Amino acid sequence: MTFSEFSKQNIVILDGGMGTLLEKRGIKPGEKSEEWNISHPDVIYEIQKSYFDAGSNVVNTNTFGANLFKFEKAELEKIILSAVSLAKRAREDSQSKKEKFIALDIGPTGKLIKPFGDMDFEKAYEIFSETVRIGVKYGVDLITVETMNDSMETRAALLAVKDNSDLPVIVTNAYGTDSKLLSGASPETMAAMLEGMGADFIGANCSLGPKALFPVIESLLENSSVPTVFKPNAGLPEIKSGETVYNVSPEEFARDVVDMVRLGVRVVGGCCGTTPEYIKALSDKLEGLNPKPVSKKNKTVVTSFCKALKLGGKMTLIGESINPTGKKRMRRAVEEGDVDFIVSTAISEEELGADALDINVGVPGIDETAFIEKVVSSVQYSSSLPLCIDTSSAEAMEAALRIYNGKAIINSVNGKPSSMEKIFPLMKKYGGVAIALTLDENGIPETADGRMEIAKKILAEAERYGIDKKDIIFDPLAMTVSADKNSALVTLECIKRIKTELGCHTSLGVSNISFGLPKRDIVNSVFFAMAYQNGLSAAIMNPASAEMMKSYYAASLLLGLDDNSKNYVAAAENMEIGGMSLSVKKEESLSSLTLSESIIKGLSERATEITRELLKTVSAMDIVNSEIIPALDKVGRGFEEGSVYLPGLLLSAETAKSAFSEIKSSVSGSTSKNGVEIVIATVKGDIHDIGKNIVKLLLENYGFEVIDLGKDVAPETIVSEAEKHSADIVGLSALMTTTVPAMEETVKLLKERHPTVKVMVGGAVLNEEYARKIGADAYAKDAMSAVRYAEAFIK
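Starting afresh in each chain, residues are numbered from 1 along the sequence in its written order. Restriction of local features to residues with pLDDT of at least 70 applies here, the model being predicted, together with a cutoff of 80 or more for giving and counting side-chain atom pairs; totals for whole chains, interfaces and linings are based on all residues. In computing side-chain properties, one takes all heavy atoms of the structure into account and sets aside hydrogens as well as water.

Asker: Describe the nonpolar core, naming the residues involved and giving the relevant values.
Answerer: Of all hydrophobic cores here, the largest spans 191 residues; its most connected members are I472, F474 and I628. If sequence neighbours within four positions are ignored, I628 has contacts with L595, I599, I623, A656, A659, F660 and I663. Here the nonpolar core consists of buried residues drawn from Ala, Val, Leu, Ile, Met, Phe, Trp, Tyr and Cys, with membership extended through side-chain atoms lying within 4.5 Å. Exposure classes here rest on a 1.4 Å probe applied to the protein chains alone. A residue is buried below 20% of its type maximum, exposed above 50%, and partly exposed in between. Contact definition: two residues touch when any of their heavy atoms are within 4.5 Å.

Written out as structure tokens, the structure is:
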């Protein structure tokens, strides 16, 4: 029986923690746990056999960190071969009568992908691909991608798995106490993105205990059409009698996890702190419990890196301004490669009320593939809105989809076989929701019946590729009424029939209806309201058009889609009663932005230009104190309040860094330092430095002198460097449970040798209580917490 066959009929029990048990068996700080496959094979075998004996159906290979960042290629192959062999031997020797399978375990690299880190997306993809290829070669049954806290790295890993194997894949992410990933993605966002890319199982692991992850699991169950996975920690770590223990017992753990199984979870196991005793308790409690069927959700959802947008009900507005057709200033920006102008336009459209952004950079004479990739990379983190990738080039489409951190709208496919042959494979590989034009090799039918036939043909071909109709949005095409008086009526009939007969959503480029006519906004706004009433789901339109936005707010109100009239009332405050105009914010001119605004919006080139001009008349310290720091504070407060996500925080920090660089190159001496020196490091044995690098970037922007010792740093080295630099604060980071003892040892040594230094600690496996128990002065739950502690130190 294959794993896929077994999982369809049964509740699947995974294994528990590996690092927790290796700690108890004497692994030393700094040792790579994967090397124990060769140096201590009997220990790994015994742990894996004990999980099979306890009731696990699936045991992971000991390869969580087995990748080319940690090992040379030849060594990596030996480690994975040994890992798979040990798991197979454990399976063979186990006395359990249950079905047993072996999963290749893949964890994060510990690095951030550009633009916020130093790792290329393609480098991450290749790192994961090599691990997958070796694991498949030696005969695993499935692949587990786990503990990912960045959606972009999750994409790279899943693509590597799908491209290099045909095995089932489980993908689980590490969510925080806010039910979001480090990069800001919600469970709903991850469900849409991962399901679209073909993940077979989606879930959560690590970070927190069972109850704390209930909201995450409930959201996944509500939004995912594939089986949900639940693999929590055994609560939070504590120190008792000098030993790290977790505060949720096996019985409590099993009870909480089974509660989620009753709601529909199909795959369960444990992460940090869990042992075979936990899996045994879970297995016993699941005895006789039948799995709940997985239901199709039939939701049409697109996402950005942090936001899920569900189509249906209220109209989805797709901003049309990033398109050079008929827009001289945008065309010039595309021709000149002015990404800052494009980003500024995207931000303006979001502020004006757009729900998604159309991205079209098709201008003759440019390298569209290279430029659309650059634009998408920039816009996707400057705005929180999902993107609509708009290009007729399949090559450009793939380039954009590959680096897009979410589930995009694909604009477009049509009924021509050549179009579907190009777009549907990309859609199947990268995920997405396609806008399907109701035209084919014979052109655009004049009748609604003709367009409906094309729509049915497109759905049939999509189904052949395994693409569900929920991921197809039809554009029934608005043809100008100046050429055919009945064209609007045909389009409106199509909208209604596509919704009622096919059960699909629709979208329109509304302004096409008025081509060739004067006062086009009048015609567009009325047609928009008529289409809305007939069931139009989305419109590509200009949110800066007063007439269109008035029509949108009024129609939403009259169609019963504006609860308590709140959106209309809020918009009406800007309506001029006497005139027929709505005072909406126009696209901001880049030349009018202040340095603070440029930093907040993440416009690096513009910030550099403004700083250069300001230095001619304003002192460096005044620029720092009146422009840069207030901007960082505003973004920092937004991050703390949850209105700004990590990519936005980092983008502003990088923009501030460019302004600081301009100041330093123009002014001799340090103008921004506050005299406080901070030594930071990831502790011995831990190669994950994402959190540390984020902390460094923010601290430096706030004027702190940061000495970064890197990752996998020995306690003695940290203490020596702290003494050498007379550090005021030492910041320590750890992601893995196996490296927490090294952090405790480092804190102890610092307090003995450098008692005046303040120690702050952070990392996924820590909490405030645990930080106090190991002697730290502060626990930083995120980068802004570290900045606030350092600021408090100055005061």
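That covers the picture; the talk isn't over yet.
Asker: Give me the pattern of salt bridges: which residues, what numbers.
Answerer: What makes a salt bridge here is a side-chain nitrogen of Lys or Arg within 4 Å of a carboxyl oxygen of Asp or Glu, nothing more. For the coordinates displayed, the defined rule picks out 46 salt bridges. The salt bridge involving D440 is made with K457; its shortest N-O contact spans 3.2 Å. With a gap of 17 residues between them, D440 in the loop between β17 (433-437) and α17 (448-464) and K457 in helix α17 connect regions that are remote in the sequence. Accessibility expressed as a relative area gives 10% for D440, which makes it buried. K457 sits in the partly exposed class, given a relative accessible area of 31%. In this structure, the salt-bridge partner of D777 is K751, at a minimum N-O distance of 2.6 Å. Strands are runs of DSSP state E lasting at least 2 residues, helices are runs of H or I lasting at least 4, and numbering of each runs from the N terminus.

Asker: Run through the sheet that holds strand β24 (residues 758-762), naming residues and quoting values.
Answerer: Strand order in the open sheet formed by 5 strands is β22-β21-β23-β24-β25, and the pairing between neighbours is parallel. The open sheet has two edge strands, β22 (705-708) and β25 (778-779), and neither has a second partner. Alignment of strand β21 (residues 677-682) against strand β23 (residues 729-733), held across 5 bridges, turns out to be parallel. Its bridge partner lying in β23, V679 is registered against V730. Helix axes are fitted to C-alpha atoms over the stretch in contact, other axes to C-alpha atoms as well, and angles between N-to-C directions run from 0 to 180 degrees. Across the sheet, helix α26 (residues 690-701) is in contact with β21, β22, β23 and β24; its angle to β22 comes to roughly 155°. A pair of strands counts as paired when DSSP detects no fewer than two bridges linking them.

Asker: How would you sum up the sheet that holds β17? Please name residues and give values.
Answerer: Strands belonging to one sheet form pairs held by backbone hydrogen bonds; the direction of such a pair is parallel or antiparallel. Pairing is parallel in the closed barrel, where 8 strands are placed in the order β13-β14-β15-β16-β17-β18-β19-β20. For this sheet the average axis-to-axis angle between neighbouring strands, irrespective of direction, equals 30°. Bridge analysis of strand β18 (residues 472-475) against strand β19 (residues 505-509) gives 2 bridges, and the strand direction is parallel. Its bridge partner lying in β19, I473 is registered against H505.

Asker: Got a sec to walk through the domain arrangement of the protein chain? Specific residues and values, please.
Answerer: Assigned domains within the protein chain: domain 1 (3-286), domain 2 (301-572), domain 3 (588-666) and domain 4 (677-791). Facing 6 residues of domain 1, the contacting portion of domain 3 comprises 5 residues. Accessible area, probed at 1.4 Å, shrinks when two parts are joined; the buried area is that loss added up over both. In this assembly, domain 1 packs against domain 3 so that about 530 Å² is buried in total across both faces, 80% of it on carbon and sulfur atoms. In terms of surface lost to domain 3, no three residues of domain 1 exceed F116, L182 and S183, which account for 69% of the buried area on that side. If you look at where domain 1 meets domain 3, you find 0 salt bridges. Here the bounds of each domain stem from an automatic or database domain assignment.

Asker: I'd like a rundown of the confidence of the model for the protein chain, residues and numbers included.
Answerer: The share of residues in the protein chain with pLDDT of 70 or more is 97%, and the mean pLDDT across the chain is 92. Scored from 0 to 100, pLDDT records how confident the predictor is in each individual residue. Predicted confidence is poor over residues 577-588, with pLDDT under 50, and the contacts of this stretch with residues over four places away or in other chains come to 28 contacts.

Asker: A description of the pairing of β21 should follow, citing residues and the corresponding values.
Answerer: Along β21, 5 of the 6 residues are buried, which leaves the element largely enclosed by surrounding structure. Both β21 and β22 contribute to a ladder of 4 bridges, which runs parallel. Residue pairing for β22: V679 is matched across the bridge by I707. For the handedness criterion, the strands are oriented away from the viewer, and a crossover whose path from the first strand over the helix to the second runs clockwise is classed as right-handed. A crossover links β21 with its parallel partner β22, the connecting element being α26, and its sense is right-handed.

Asker: Would you mind going over the packing of helix α4 (residues 41-54) against helix α5 (residues 73-93) in detail, with residue names and values included?
Answerer: The N-to-C vectors of α4 and α5 enclose an angle of 45°; their axes lie 8 Å apart at closest approach. Relative to α5, α4 is oriented oblique. Crossing handedness for the pair α4 and α5: right-handed. Along the contact surface, α4 presents P41, D42, I44, Y45, Q48, K49 and F52, while α5 presents A83, L86, A87, R89, A90, R91 and D93. Under the grouping applied here, Gly and all other residues not named as nonpolar or charged are polar, the nonpolar ones being Ala, Val, Leu, Ile, Met, Phe, Trp, Tyr, Cys and Pro and the charged ones Asp, Glu, Lys and Arg. The residue inventory of the contact of α4 with α5, partitioned by class, reads 8 nonpolar, 1 polar and 5 charged. Roughly parallel covers angles under 35 degrees, roughly antiparallel covers those over 145, roughly perpendicular covers 65 to 115, and oblique covers all other angles. Handedness of a crossing follows from how the near helix is turned relative to the far one, being left-handed for an anticlockwise turn of less than a right angle and right-handed for a clockwise one.

Asker: Give me the lowdown on α5, citing residues and values where you can.
Answerer: Along its 21 residues, α5 runs 30 Å from first to last C-alpha, staying within 8% of the 30 Å computed at 1.5 Å per residue. Every buried residue belonging to α5 is among L76, I79, I80, S82, A83, V84, L86, A87 and A90, and all of these are buried. In this structure, the buried residues of α5 make contact with α3 (36-39), α4, β3 (101-106) and α6 (121-137). An expected span of 1.5 Å times one less than the residue number is assigned to each helix.

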